[in-house]
Amino acid sequence: MNFTPSVLSFILTAEAEVYGIPTKKPKFHQQVQPSPSPWSPWKVSENIVTCENNIIMQLFNRVAFVTGAAQGLGKAFSEALLNRGAKVCFTDIQVSKGKEVEKTYSDKYGQDRVLFLHCDVSSSASLANSFKDAVSKFGHIDLMVNNAGIADESRLRDMVNINLIGAIEGSMLAVEHMRKDKGGKGGVVINIASTAGLTGVYFVPSYCASKFGLVGFHLSWASNPYNSQMGLQFGCLCPAFTDTDILNQKEKQMLYFEDGQRITKHLGINRVEKVVQGFLQMVESENCNGDIITITAKEDIQYSRRASSKMSHL
Ligand SMILES: NC(=O)C1=CN([C@@H]2O[C@H](COP(=O)(O)OP(=O)(O)OC[C@H]3O[C@@H](n4cnc5c(N)ncnc54)[C@H](O)[C@@H]3O)[C@@H](O)[C@H]2O)C=CC1
Ligand SMILES: CCCCC/C=C\C=C\C(=O)C/C=C\C/C=C\CCCC(=O)O
């Protein structure tokens, strides 16, 4: 049967949409800022990108591994990826919740595209085993999302273990698996930090320290001059207060509890959908290496790109 080009284009677009494949370049919400974002301690004005020149990364049949994804942002990132045709291994310490979500997503997107695994990111063995199990099911991983996190100033060592070391170890597992110079297919590592990783917050200082550490780790890997030959990219998402369970703080979890409540209310709270939008902008861009996206209630999605390396000329 012969179709005219416009009929063919209509059919292909409709089919792509059924499979959740984006058919148009996303319109980035990033506007060129008149001055650097207050959440970015670096000069960003000359590094701002609109991504107009970037081609979206096709997520169809890409394989993602997401930590801390039985609820909140991780669950929402997982669904957004599935919705665009990716396969997702989502993991958490909350097994019954995770299994419930797995059932819902399997019914909606197909059992062959969804896997839930128990994974405690504070345990090296648990992380390594679940990563291995995900590779066994899906063959390989293209996208690692280190999302698991807690905010609890009364559990300092847990917080550093989960928010920082868990994300570092998750990144390193992904690097070793993905790097092309060691037989991998390349891939993307996204670390979920926070605006609290870019600016001091006096009522959650140790949470801040864990997120500052993660931003430092991201920047270091992003500036690795061997990334392109390894086929690796590193992106970092920094949301501000977002409407998830992490904000349901008990008094002992924060310093200056009332100040924290008041300041949060004053600054405003992101909707989860807004953070997902920023996340998709990052993973769908052809090259997100070195990018840091901030998402705040007042300034929306700010997309900045940093100079690659201060050492590249050495
Ligand atoms: N909601 C917010 O205001 C913001 C959150 N973030 C970050 O986003 C990430 C996701 O947090 P939300 O979804 O907001 O909170 P959430 O509390 O709803 O979700 C966190 C998830 O991490 C899991 N988790 C906790 N310890 C774990 C461990 N040892 N191993 C594996 N999973 C574990 C929890 O079971 C939960 O499912 C965190 O890294 C958080 O720091 C960043 C900026 C703002
Ligand atoms: C009810 C208060 C809870 C505060 C602590 C709990 C979780 C916090 C998670 C975060 O990652 C918070 C994120 C950012 C705080 C830092 C700065 C906010 C300023 C950004 C803005 O302008 O909105």
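Okay, so let's go over this structure. (Residues numbered from 1 in each chain as written. Chains lettered and ligands numbered in written order. Predicted model: local features only at pLDDT ≥ 70, side-chain atom pairs only at ≥ 80, totals over all residues. Heavy atoms only, no water.)

1. Details of the site of ligand 1
As a reminder of what qualifies: Residues are classed as near a molecule or strand on a simple rule: at least one heavy atom within 4 Å of it. Within 3.5 Å is the distance limit for a polar contact, defined as a pair of N or O atoms, with the added protein rule that one can donate a hydrogen and the other accept it, and that residues adjacent in sequence qualify only through two side-chain atoms. Computed by Shrake-Rupley with a 1.4 Å probe, the accessible areas treat only the displayed protein chains as cover when residues are assessed. For the purposes of this entry, the term helix denotes a DSSP run of H or I that reaches at least four residues, the term strand denotes a run of E that reaches at least two, and both are numbered from the N terminus. Any residue that is not Ala, Val, Leu, Ile, Met, Phe, Trp, Tyr, Cys, Pro, Asp, Glu, Lys or Arg is counted as polar, Gly included; the first ten are nonpolar and the last four charged.
By nearness alone, 28 residues border ligand 1, and Asp-92, Asn-147, Tyr-207, Thr-242 and Thr-244 come closest of all. Note that an oxygen atom of ligand 1 is positioned 2.7 Å from one of the backbone N or O atoms of Asn-147. A distance of 3.0 Å separates an oxygen atom of ligand 1 from a polar side-chain atom of Lys-211. Alone, ligand 1 offers 820 Å² of accessible surface; in the complex the protein occludes 94% of this. Mapped onto the shell around ligand 1, the elements with two or more residues apiece are helix 2 (72–83) and helix 6 (205–222). Split into classes, the residues belonging to the shell around ligand 1 amount to 15 nonpolar, 9 polar and 4 charged.

2. Describing the pattern of salt bridges
Here is the rule we go by: Within this document, salt bridges are pairs made up of a side-chain nitrogen of Lys or Arg and a carboxyl oxygen of Asp or Glu, the two lying within 4 Å of each other. Residue burial is assigned from relative accessible area. The probe radius is 1.4 Å, only protein chains are included, and a residue is buried under 20% of its type maximum, exposed over 50%, and partly exposed in between.
Counted by the stated rule, this structure contains 11 salt bridges. A salt bridge links Arg-155 to Asp-158; the shortest N-O distance between them is 2.9 Å. Asp-259 is the partner of Arg-262 in a salt bridge, and the nearest nitrogen-oxygen pair spans 3.6 Å. With Arg-262 and Asp-259 both in helix 8 (residues 257–267), this residue pair falls 3 residues apart, about one helical turn. Overall, the relative accessible area of 51% leaves Arg-262 in the exposed class. Salt bridges linked by common partners bring Glu-176, Arg-179, Asp-181 and Lys-182 together as one network.

3. A closer look at the packing of aromatic side chains
The cut-off we apply is this: For this analysis, a ring pair means two rings from Phe, Tyr or Trp (six-membered ring only for Trp) whose centres lie within 6.5 Å, classed as stacked if their planes differ by under 30 degrees, edge-to-face if by over 60, and tilted for the remaining angles.
The tally for this structure, following the rule as stated, stands at 8 aromatic pairs. On the numbers, 5.4 Å between centres and 55° between planes, the contact of Phe-90 with Phe-116 is tilted. In this pair, Phe-90 is assigned in strand 2 (residues 87–92) and Phe-116 in strand 3 (residues 114–118), connecting sequence segments 26 residues apart. Since its relative accessible area comes to 3%, Phe-116 is described here as buried.

4. Quick look at the side chain of His-218
Test applied: Any two residues whose heavy atoms approach within 4.5 Å are treated as being in contact.
Note that His-218 resides in helix 6. Contacts of His-218, omitting those with residues within four sequence positions, involve Phe-234, Gly-235, Cys-236, Gly-290, Asp-291 and Ile-292.

5. Here's the deal with the packing of helix 2 against helix 9 (residues 272–283)
Relative orientation and spacing of two packed helices are given, respectively, by the angle between their axes and the distance between those axes. Operational definition: Think of each axis as a best-fit line through the C-alpha atoms, taken over the contacting stretch in the case of a helix, with angles from 0 to 180 degrees between the N-to-C directions. Roughly parallel covers angles under 35 degrees, roughly antiparallel covers those over 145, roughly perpendicular covers 65 to 115, and oblique covers all other angles. By definition, turning the near helix anticlockwise from the far helix through less than a right angle yields a left-handed crossing, and turning it clockwise yields a right-handed one.
Direction vectors running N to C along helix 2 and helix 9 enclose 55°, while the axes themselves pass 10 Å from each other. On the basis of their axis angle, the class for helix 2 and helix 9 is oblique. Crossing geometry of helix 2 relative to helix 9 is assigned as right-handed. Two secondary-structure elements touch here, helix 2 through Leu-73, Ala-76, Phe-77, Ala-80 and Leu-81 and helix 9 through Val-272, Val-275, Val-276, Phe-279, Leu-280 and Val-283. Among the residues making up the contact of helix 2 with helix 9, the classes are represented as 11 nonpolar, no polar and no charged.

Any link to function would need more than the numbers given here.
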